[in-house]
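# What the coordinates show
The lines below spell out each chain.
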Amino acid sequence: MNSGIAEFMQRVSERNPGQTEFHQAVVEVVESLWPVLEQFPEYRSAKILERIVEPERQLMFRVNWQDDQGEIHVNRGFRIQMNSALGPYKGGLRFHPSVNISILKFLAFEQVFKNSLTTLPMGGGKGGSDFDPKGKSDHEVMRFCQSFMTELSRHIGPNTDVPAGDIGVGGREIGYLFGQYKRLRNAFEGVLTGKGTNWGGSLIRPEATGYGAVYFGQEMLKTRDDSYQGKIVSVSGSGNVAQYATEKCLQLGAKVVTMSDSKGFIHDPDGIDEEKLAWIMKLKNNRRGRIKEYADHYKGASYTETDPRADSNPIWDVPVQVAIPSATQNEINSKDGQNLVKNGCFCVLEGANMPTMPDAVNHFIDNKVLFAPGKAANAGGVAVSGLEMAQNSSRMSWTRDEVDSHLQRIMESIHKACHETAERFECSGNYVNGANIAGFIKVADSMLDQGLV
Ligand code: NDP
Ligand code: 2IT
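As a starting point, this report considers the structure included with it.

Cut-offs and rules
- Residues numbered from 1 in each chain as written.
- Chains lettered and ligands numbered in written order.
- Predicted model: local features only at pLDDT ≥ 70, side-chain atom pairs only at ≥ 80, totals over all residues.
- Heavy atoms only, no water.
- Pairing = 2+ DSSP bridges.
- Helix = DSSP H or I, 4+ residues; strand = E, 2+ residues; numbered from the N terminus.
- 1 Å grid on protein atoms, 1.4 Å probe; cavity = no way out; pocket = protein on both sides within 12 Å on 5 of 7 lines; lining within 4 Å.
- Points joined across faces, edges and corners; volume = space filled by probe spheres on them.
- Nonpolar A, V, L, I, M, F, W, Y, C, P; charged D, E, K, R; others polar.
- Near = heavy atom within 4 Å.
- Polar contact = N/O pair within 3.5 Å; in protein donor to acceptor, adjacent residues only side chain to side chain.
- Areas by Shrake-Rupley, 256 points an atom, 1.4 Å probe, with all protein chains shown as cover.
- Phe/Tyr/Trp six-rings, centres within 6.5 Å; stacked < 30°, edge-to-face > 60°.
- Buried < 20%, exposed > 50% of the residue type's maximum accessible area, 1.4 Å probe, protein only.
- Lys NZ or Arg CZ within 6 Å of the ring centre and 35° of its normal.
- Salt bridge = Lys/Arg side-chain N within 4 Å of Asp/Glu carboxyl O.
- Patch = residues over 30% accessible without salt bridge, like charges linked within 9 Å, V, L, I, M, F, W, Y side chains within 5 Å.
- Lys, Arg positive; Asp, Glu negative; His and termini not counted.
- Charge placed at Lys NZ, Arg CZ, Asp CG, Glu CD.
- Axes fitted to C-alpha atoms, helices over the stretch in contact; angles between N-to-C directions.
- Parallel < 35°, antiparallel > 145°, perpendicular 65-115°, else oblique.
- Left-handed = near helix turned anticlockwise from the far one by under 90°.
- Contact = heavy atoms within 4.5 Å.

Attention shifts here to the pairing of strand β1 (residues 57-66). As judged from the ten bridges shared by β1 and strand β2 (residues 72-83), these two strands associate in the antiparallel manner. If you follow L59 over to β2, its bridge partner there is R79. Between β1 and β2, which pair antiparallel in sequence order, lie five residues; one of them, G70, sits at a positive phi of approximately 90°.

If you want it as structure tokens, here you go:
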């Protein structure tokens, strides 16, 4: 790390003590941007870097709710409104016990660059709560969502800030959140995305993140005259992103052999076919069960519990050519990265946000792995959220095919932007630098245009 970057990161660390995930996300971007800042001094003199790491606004609030037994619980709610240079703040809400300011700031920071790459007019934000939806009844989730939205509704709006889903927030939660917003504001408007299709949602939004990641991989494979046909793929997670990444891989001729949840992973050497995937979707989306049950149901598959304290995760030791980490941040450490490469993996698509730790990213790049960072690879979700906003503004709904072809075109254009930007800055094939630089330039130029605000 050069001394300029070290000094900058020192200030970021001092101003944001203990926010390790946020520091991790910032240092990766700053390392990519350094050559750009040296080439374009106007960004330095306008202090764009210093401004872009500071949220425009961050909200933290109390969320009280009562469980089915009448007991009172107190959670924390957050919304980080990171950057509005390109449009209203836009980004998901995460409900998970691990949620804190550091995690949401890293996600909001990444969202700014990701949304810029989509080509759509969206700023970046993120929010959520340390509420754990696991094991809660529908009524408890509804009461929590209503309480959360009672405060959040003061700070959002279709032209101000438009939240969506993320870990622990899917169609059910968006429904309860939307209902409460509508009731409080007496306004039926496009304030959230990921809505039900009967009441303003877009077709393909549930599929968009997973499909988009696989489309991005298709573009990367094309640069080597290759395709998904016959490839063995490992997917982690078994939630929204993992399910639809798996579905698209199958449609394109690949064989997906793993999926996981926070307790362990299943390995099915015969492949998770469409019938098995439908079973997983029911297990996870309707029954909210554990992935372990798959190995009881399908005898050819094995289940391995994961130990969070172990020095590697055995899911990444399964020999595959393509890996699509789609659970959470920091799920591939240095050892996992080495195992993947050693076993022949040459393409890694980040379905999740920042699932790969920095040493593993470097190992992939050094070994010429086609490595797609989350900002680019998982941008399809927020891109279709942007299309949902466009449909809401025009009071129209587009067909599945229309939305899917927009999504494919957007993923192609993100790939092109990353690829060409990497070439322009003499780091050909480095999609991390390509995504960070291409995402940054548009935001930075817009900040310059809009003056010191
Ligand atoms: P879901 O809640 O639908 O699924 C999350 C999956 O990841 C579950 O299988 C869950 O297991 C697992 N998981 C969550 N936390 C952990 C953890 N700490 N350790 C191990 N496994 C974990 O979320 P999504 O599929 O929506 O999100 C997955 C990732 O994709 C996240 O990083 C999210 O930020 C990112 N993303 C999501 C987008 C979207 O549109 N939904 C868009 C772009 C990125 P369990 O059920 O046991 O908790
Ligand atoms: O990380 C992400 O891009 C999301 N969770 C989706 C955000 C959105 O607004 O659709």
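Let us keep going from here.
Here the focus is empty space enclosed by the protein. With the rule as written, the count across this model stands at two cavities of 30 Å³ or more. Considering only enclosed or pocket space, the largest cavity measures out at about 50 Å³ in volume. Across the lining of the largest cavity, the residue classes break down as three nonpolar, two polar and four charged. Within this model, the second largest cavity holds a volume of roughly 40 Å³. Lining the second largest cavity are N83, A85, L86, V112, M122, G123, G124 and V443. Class assignment for the residues of the lining of the second largest cavity results in five nonpolar, three polar and no charged.

Let us look at the site of ligand 2. Taken together, 14 residues form the shell around ligand 2, and within it K90, K114, K126, D166 and S385 come nearest. Separating an oxygen atom of ligand 2 from a side-chain N or O atom of Q111 is a distance of 3.0 Å. In this structure, N353 approaches ligand 2 through a side-chain N or O atom, which is 3.1 Å from an oxygen atom. The fraction of the free accessible surface of ligand 2 (300 Å²) that becomes covered by protein chains is 94%. Elements that contribute at least two residues to the shell around ligand 2 include exactly β3 (89-95), α5 (101-117) and α15 (379-394). Along the lines of polarity and charge, the residues of the shell around ligand 2 split into two nonpolar, seven polar and five charged.

The way to describe two aromatic rings as a pair is by their centre distance and the angle between their planes. Scanning all chains against the criterion turns up 21 aromatic pairs. Each ring, one from W65 and one from F131, has its centre 5.2 Å from the other, and the planes form 85°; the classification is edge-to-face. With W65 in strand β1 and F131 in the loop between β4 (124-129) and α6 (138-152), this residue pair connects regions lying 66 residues apart in the sequence. The exposure classification of W65 matches that of F131, with both residues buried. Pairwise contacts between aromatic rings join F61, W65, F95, F131, F144 and F148 into one cluster. Taking the ring centre of Y211 as reference, the NZ or CZ of K248 above it sits at 4.3 Å. A cation sits over an aromatic face here: K276 above Y298, 5.7 Å from the ring centre.

Turning to the pattern of salt bridges, a few remarks are in order. A pair can form between side chains of opposite charge whenever their charged atoms are brought close. Counting across every chain of the model gives 21 salt bridges. Close ionic contact of E388 with K195 constitutes a salt bridge, the shortest N to O distance being 2.9 Å. Within this pair, whereas E388 is found in helix α15, its partner K195 is found in the loop between α7 (171-185) and α8 (205-222), the two being separated by 193 residues in sequence. Two residues, K284 and D261, come together in a salt bridge whose shortest N-O distance is 2.9 Å. In this pair, K284 sits in helix α10 (residues 274-286) while D261 sits in the loop between β7 (255-260) and β8 (264-267), placing the two residues 23 residues apart along the sequence. A single network of salt bridges, built from pairs that share partners, joins E28, E110 and K375.

With that out of the way, let us pick up the site of ligand 1. As a structural note, the neighbourhood of ligand 1 is formed by 25 residues, with D166, T209, S262, R290 and N353 the closest of them. Between ligand 1 and the protein, one listed contact pairs an oxygen atom with a side-chain N or O atom of N353 at 2.8 Å. Look at ligand 1: alone it shows 890 Å² of surface, and the protein chains cover 83% of it. Of all the elements in the fold, those that place two or more residues in the shell around ligand 1 are α8 and α9 (240-251).

Together, D270, D273, E274 and E275 give the surface a local cluster of negative charge. For E275, the location among the structural elements is in helix α10.

We now examine the side chain of K195. The exposure class assigned to K195 is buried, which follows from its relative accessible area of 6%. For K195, the side chain forms a polar contact with the main-chain oxygen of L192, separated by 2.6 Å. A polar side-chain atom of K195 sits 2.9 Å from a polar atom in the side chain of E388.

Here the focus is the pairing of β2. Pairing geometry for β2 and β4, over six bridges, is antiparallel. Residue Q81 lies in a different strand from β4, and its bridge partner there is G125.

As a packed pair, α6 and α7 sit with axes 8 Å apart at the nearest point and diverge in direction by 45°. Considering the angle they form, α6 stands oblique to α7. Along this stretch, α6 crosses α7, giving a crossing that reads as right-handed. Between α6, through D138, V141, M142, C145, Q146, F148, M149 and T150, and α7, the contact on the second element is made entirely by R172, E173, Y176, L177, Q180, Y181 and L184. Here the contact of α6 with α7 is built from residues that sort into nine nonpolar, three polar and three charged.

On to the layout of surface pockets. Considered as a void within the structure, the second largest pocket measures approximately 360 Å³ in volume. Lining of the second largest pocket is provided by 16 residues; of these, E189, G190, Q391, N392 and S393 occupy positions nearest its centre. Looking at the lining of the second largest pocket residue by residue, the classes come out as five nonpolar, eight polar and three charged.

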